[in-house]
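Geometric and topological summary
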Amino acid sequence: MALSSAAPLSAELNVPIAARVVSFLQPPPSGTMAAAILFEPGNAASEAEANAIERAVGNGLVAGRSAIRARRVPIGAMGALSGYHVAFVTAGLRPEQGDIAAAAAKSSVLTISSDAACVQAARCVVGISTVPKTQITVSKAAARASNIRFGSAFLMLVKEI
Amino acid sequence: MSAMTRAPLLRSLLAASTLLAPAAVKAQAIDYQALQETIGEPVTTSVTGKPQRASELPASAIIITRDDIAKSPARDVPGLLKAYAGIDVNRWTAGQTDVAVRGGVQTYNARLLVLVDGRQVYLDHYGMTDWNLLSVQLEEIQQIELVRGPANALYGFNAASGVVNIVTRRGGQAPSAVATAELGNHGISKISGSLLLPVTSTIGLKLAGARAREDERSIPTTLLTPAMINSVASNQITADLTAALGGMDLTLGGGHADNRQIEYLPSQLLSNQHFRSDTMHGFMTRDTDWGGLTLGGYVNWLDADYGVGAVPDATAPITFKNRIIVAQASSLIRLSAADTLRVGTEYRNNRLRSDYQFSDRISYDVASANAMLDLHPLEQVSLTAAGRLDRLWLHQSGEIAQPAYDDPAAFSRAFTRFSFNAAVLVHTGAEGLLRINGGRGYQLPSLVDFGIRLPIITPSPVPIYVAGSPRTNPVAVWSGEIGYSHPAGPVRLEATAFVTRTKNAIASPGDGLQTELFLSPAPSLVARFQAVGDFTTYGTELAASGQLATLVWRANYTWTHSDDQLGGTALPIPFALSPASTTPTHKANLTLTYTTGRASLSGAARYTSATRQFAFSTSPQLLLYPVDAAVAVDGRAAFHLTQAVELFVAGENLTLARGAAVSPIPADRRVRAGLRLAL
């Protein structure tokens, strides 16, 4: 069976898979979805992942019937994440994950990270790992806090904690 | 079937689909492509009804993806299936193909249920599948799923040795089209294609169709044939309208297919057939906070003419008119983050009309209820159990053919059967998976098995009839297996051991003509379709697959042993059924696909050990003819002129192995070239 999903070489977020995850939101998103790439200036790992995500999204990434457009947002300027539908949480932001979760809950933002600990701590809604095979983890508590819902077919294929 | 008869049925389907429209829940039909791209491997609902990863299924299953299909030398669904372990594909004639899972090779195999998008394309009149009448084109297929072993607990009667579900593509936001035109030797010509057209942002239209022709193979002069041999011809067209409306996903569609070809009947007589089928369907899917709901139904009509053009002047064929109505409802309920319950119910009415049966109409109704529970008590362990109860009521009506060989009251019969499947999956280490599963399913006697009444031409001074029997019981199939899969570096390894026991298998009368004598009103003899005994098949399947740079490879080996306690094969052969003779003991496949730049090359080599297959000699006498062991090589070379235009040349049985078709009629080499457009 030939597989088509691209796996990143490091623990960076697999952005095409993240875009697919967005397409399983309920109600299904349409039009343009604004995404924030949350990063910490001066943190090499965070900046590197932000750069990679920005490159992967490019001028826009199709997510089902919608298109994701992303911009880099320094963690200090995150505010309440108002105006964003999605936030990509880069590595190296563990001290700030609590604030990110609070802002995401306030503005009903879907948070996605390659950092499994963020999801385990119920501070990110979705975690994506691709080694050894694609595993998507969804935090029920974080999803509930942000009023995020996914289709049941999608939830039956992922690990919900 | 007249258009006037069909219109109320379509209105009923439409009405049923709109009944639930006002409820304010969110919809999401299964989008197999999107789910596959998300989790990195194919997804199927064919095993339990819930979406599951291909690598974590509680049954042995095959998933052939769209990419596999595009690069394969195969030109139909059986051609794709034959490259996998545990699958026997017999090309009895150029048009007639049977697919058997884990043994039990015979013509008109009734134990493999075939579905397109969950709708039955298996033909109930005789209990068989005409693979040239599927009304589905390779261009529109998203994936082909085959579950080995009984799957009745989900699908009901006839998924007794397995089920094939062909999933077609869903439309996207942009129009797309795929079309293929090809020409080859032996009169091969085919035009096929599919078109996905968004009508609005929420409504999509899919059109697909094909026209195919090819010549029959050269039939040895030692075999009994009709005076005229038809070439293979098929025409198919389908249309589907999909809509995401009011929180639901709706599908409404229909199609027509037409197929002429020469076939081996279950009696092993060669006969020219002409099948015409029509279908209409409507399905609704909703996704809710607690799971999903599916409601739908379909109607299939079949006009089957047997013995078409038995002589050049043409005789009146023997015609059967079959109609099946199915209504289904099911719900998938998430009990917790990991545990799932599925409940479903189904009603079907199946009717066969013909002048060549006990009475004008033989029919039955089946009411069913089923449930599946998928539990994950531990992180590394999952348990699946499914059960289904089917209650069947048999009927006959209309004028009774005389002399009648059964009491009409014998057709006022009902019976109940319970099917089940159970499985335990244990994850060993990070990626190993141990699977132990089994179940019991049933093959339903076909409508012909119940009610056919056909005079046969013999030199006997006493007329002889071939007849069904209303007392025929369903065939029980028990299955158990243990499988283990594990990656070894870049190679995925799978090993399975299985056993299948088929009880009271039904067979067509053969040469022995075990008959009943009726003396009133005048002497006549009756040979019955009947249960002739049991057979057991056991074996192992070993498979490995991997990728080296741009070379994708897949290899497998199957050892199958069959024991049967049937009618025997000593002359005169009483029944044309002997899986121990007809099923190859050894099968092996190697498939390679190499892609570089604009070119792709694929090759498939298949070994099948020697068998013996039934056919009538010109005497005429039913005999078992030896079929040689064969190494058959298929290949396909393609070059992309542009991203949208591909030129290809492909061939089947390039090694010209006579036994490659596993048929009394030797295989030939078929080569074709063509153009494929993907817009």
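The rules behind each value
- Residues numbered from 1 in each chain as written.
- Chains lettered and ligands numbered in written order.
- Predicted model: local features only at pLDDT ≥ 70, side-chain atom pairs only at ≥ 80, totals over all residues.
- Helix = DSSP H or I, 4+ residues; strand = E, 2+ residues; numbered from the N terminus.
- Rg over C-alpha atoms; globule rule 2.2 N^0.38 Å.
- Buried ≥ 20, exposed ≤ 12 C-beta atoms within 10 Å, placed from the backbone.
- Contact = placed C-beta atoms within 7 Å.
- Nonpolar A, V, L, I, M, F, W, Y, C, P; charged D, E, K, R; others polar.
- Core = buried A, V, L, I, M, F, W, Y, C linked by C-beta atoms within 7 Å.
- Pairing = 2+ DSSP bridges.
- Expected span 1.5 Å × (residues − 1).
- Arc of directions from axis to C-beta.
- Axes fitted to C-alpha atoms, helices over the stretch in contact; angles between N-to-C directions.
- Parallel < 35°, antiparallel > 145°, perpendicular 65-115°, else oblique.
- Left-handed = near helix turned anticlockwise from the far one by under 90°.
- pLDDT = per-residue confidence, 0-100.

Along the backbone of chain A there are 6 helices and 8 strands. Counting helices and strands in the order they occur from the N terminus, chain A gives α-β-α-β-β-β-α-β-α-β-β-α-α-β. Since a compact globule built from 161 residues should have a radius of gyration of about 15 Å, the 14 Å found for chain A is in line with a globular shape. Taking the principal axes of its C-alpha atoms as reference, chain A extends roughly 45 × 30 × 30 Å.

The subject of this paragraph is the overall build of chain B. Broken down by element type, chain B carries 7 helices and 37 strands. Relative to the globule expectation of 26 Å for 679 residues, the C-alpha radius of gyration of chain B, 24 Å, shows essentially globular dimensions. In terms of principal-axis extent, the alpha carbons of chain B reach across some 70 × 55 × 45 Å. The 679 residues of chain B split such that 51% are buried.

Taken together, the 31 residues of chain B in the interface contact 25 residues of chain A. Counting residues per element, the ones that place at least two in the side of chain B that touches chain A are α2 (32-39), β3 (61-65), α3 (66-71), β15 (270-288) and β16 (291-306) of chain B. By residue number, the principal contributor to the side of chain B that touches chain A is α2 of chain B, which donates 5 residues. Class assignment of the residues belonging to the side of chain B that touches chain A gives a composition of 12 nonpolar, 9 polar and 10 charged.

This part takes up unusual backbone geometry. Geometrically, the link from L571 of chain B to P572 of chain B is a cis peptide bond, its omega value of -10 degrees lying close to zero. Secondary-structure assignment places P572 of chain B in the loop between β30 (551-565) and α7 (579-582). In the segment running from S619 of chain B into P620 of chain B, the intervening peptide bond is cis, with an omega of -5 degrees. Inspection of the secondary structure puts P620 of chain B in the loop between β33 (611-616) and β34 (622-627). Positive phi, normally seen in glycine, also occurs at N147 of chain A, with a value near 60 degrees.

The next point concerns helix α3 (residues 97-107) of chain A. Residues and elements named next belong to chain A. If you check which residues of α3 are buried, you get Q97, I100, A101, A103, A104 and A105. The secondary structure elements touched by the buried residues of α3 are β1 (31-39), β4 (86-89), β5 (110-113), α4 (116-120) and α5 (140-145). Trailing α3 by a residue or two, S108 shows a phi angle of about 50 degrees, which is positive.

We now examine the nonpolar core. Membership of the largest hydrophobic core comes to 167 residues, with the highest contact counts inside it found for V86, A87, F88 and I112 of chain A. Judged by nonpolar contacts, the second largest core, of 9 residues, contains V627, A632, A657 and A660 of chain B.

Reading across from one edge, β3-β8-β9-β6-β7 (chain B) is the order of the 5 strands in this open sheet, with mixed pairing throughout. Two strands in the sheet have a free side with no partner beyond their single neighbour: β3 and β7 (119-120) of chain B.

The subject of this paragraph is helix α2 (residues 44-57) of chain A. All names here are of chain A. Here α2 spans 20 Å end to end across 14 residues, near enough to the 20 Å set by a 1.5 Å rise per residue. Every buried residue of α2 is listed here: S46, E49, A50, I53 and V57. Along the axis of α2, the buried positions cluster into a sector of 105 degrees, meaning they face one direction only. Along α2, the residues that are exposed and aim more than 90 degrees away from the buried face are A44 and R55. Packed against the buried residues of α2 are α1 (15-23), β1, β2 (61-63), β3 (66-74) and β4.

Okay, the packing of α1 of chain A against α2 of chain B next. The axes of two packed helices give the description: the angle between them and the distance between them. Following both chains from N to C, one finds α1 of chain A and α2 of chain B inclined at 140 degrees, their axes separated by 8 Å at the closest point. As far as their axial angle goes, α2 of chain B and α1 of chain A are oblique. When the axes of α1 of chain A and α2 of chain B are compared, the crossing they make is left-handed. Residue-level contacts link I17, R20, V21 and S23 of chain A of α1 of chain A to A34, E37 and T38 of chain B of α2 of chain B. For the contact of α1 of chain A with α2 of chain B, the residue count by class is 3 nonpolar, 2 polar and 2 charged.

All names here are of chain B. With 5 of 5 residues buried, β3 lies mostly within the body of the structure. Residues of β3 alternate between two faces, with A61, I63 and T65 on one and I62 and I64 on the opposite face, all of them buried. Where β3 meets strand β8 (residues 141-148), 5 bridges bridge the pair, whose relative direction is antiparallel. The residue bridging A61 from the neighbouring strand is V147, located in β8.

The next thing to look at is the sheet that holds β3 of chain A. Each strand in a sheet pairs with its neighbour through backbone hydrogen bonds, running either in the same direction (parallel) or in the opposite one (antiparallel). Residue and element names in this part refer to chain A. Strand order in this open sheet of 8 strands is β2-β3-β1-β4-β5-β6-β7-β8, and the pairing throughout is mixed. Here the strands that pair on one side only, and so sit at the sheet edges, are β2 and β8 (159-160). As paired elements, β1 and β3 share 9 bridges and run parallel to each other. Within the sheet, the bridge partner assigned to T32 lies in β3 and is A67.

What follows covers the confidence of the model for chain A. Chain-level statistics for chain A give a pLDDT mean of 84 and a share of 93% at 70 or above. Within the model, pLDDT remains below 50 along residues 1-10 of chain A, and this stretch shows 22 contacts once partners closer than five positions in the same chain are excluded.

Fine structural detail should not be taken from predicted coordinates in areas where pLDDT scores are low. Residues and elements named next belong to chain B. For chain B, per-residue confidence averages 90 on the pLDDT scale, and 95% of positions sit at 70 or higher. For the stretch residues 1-28, pLDDT sits under 50, and the model shows 43 contacts to residues farther than four places along the chain or on other chains. Scoring of the predicted complex yields 0.89 for pTM and 0.85 for ipTM.

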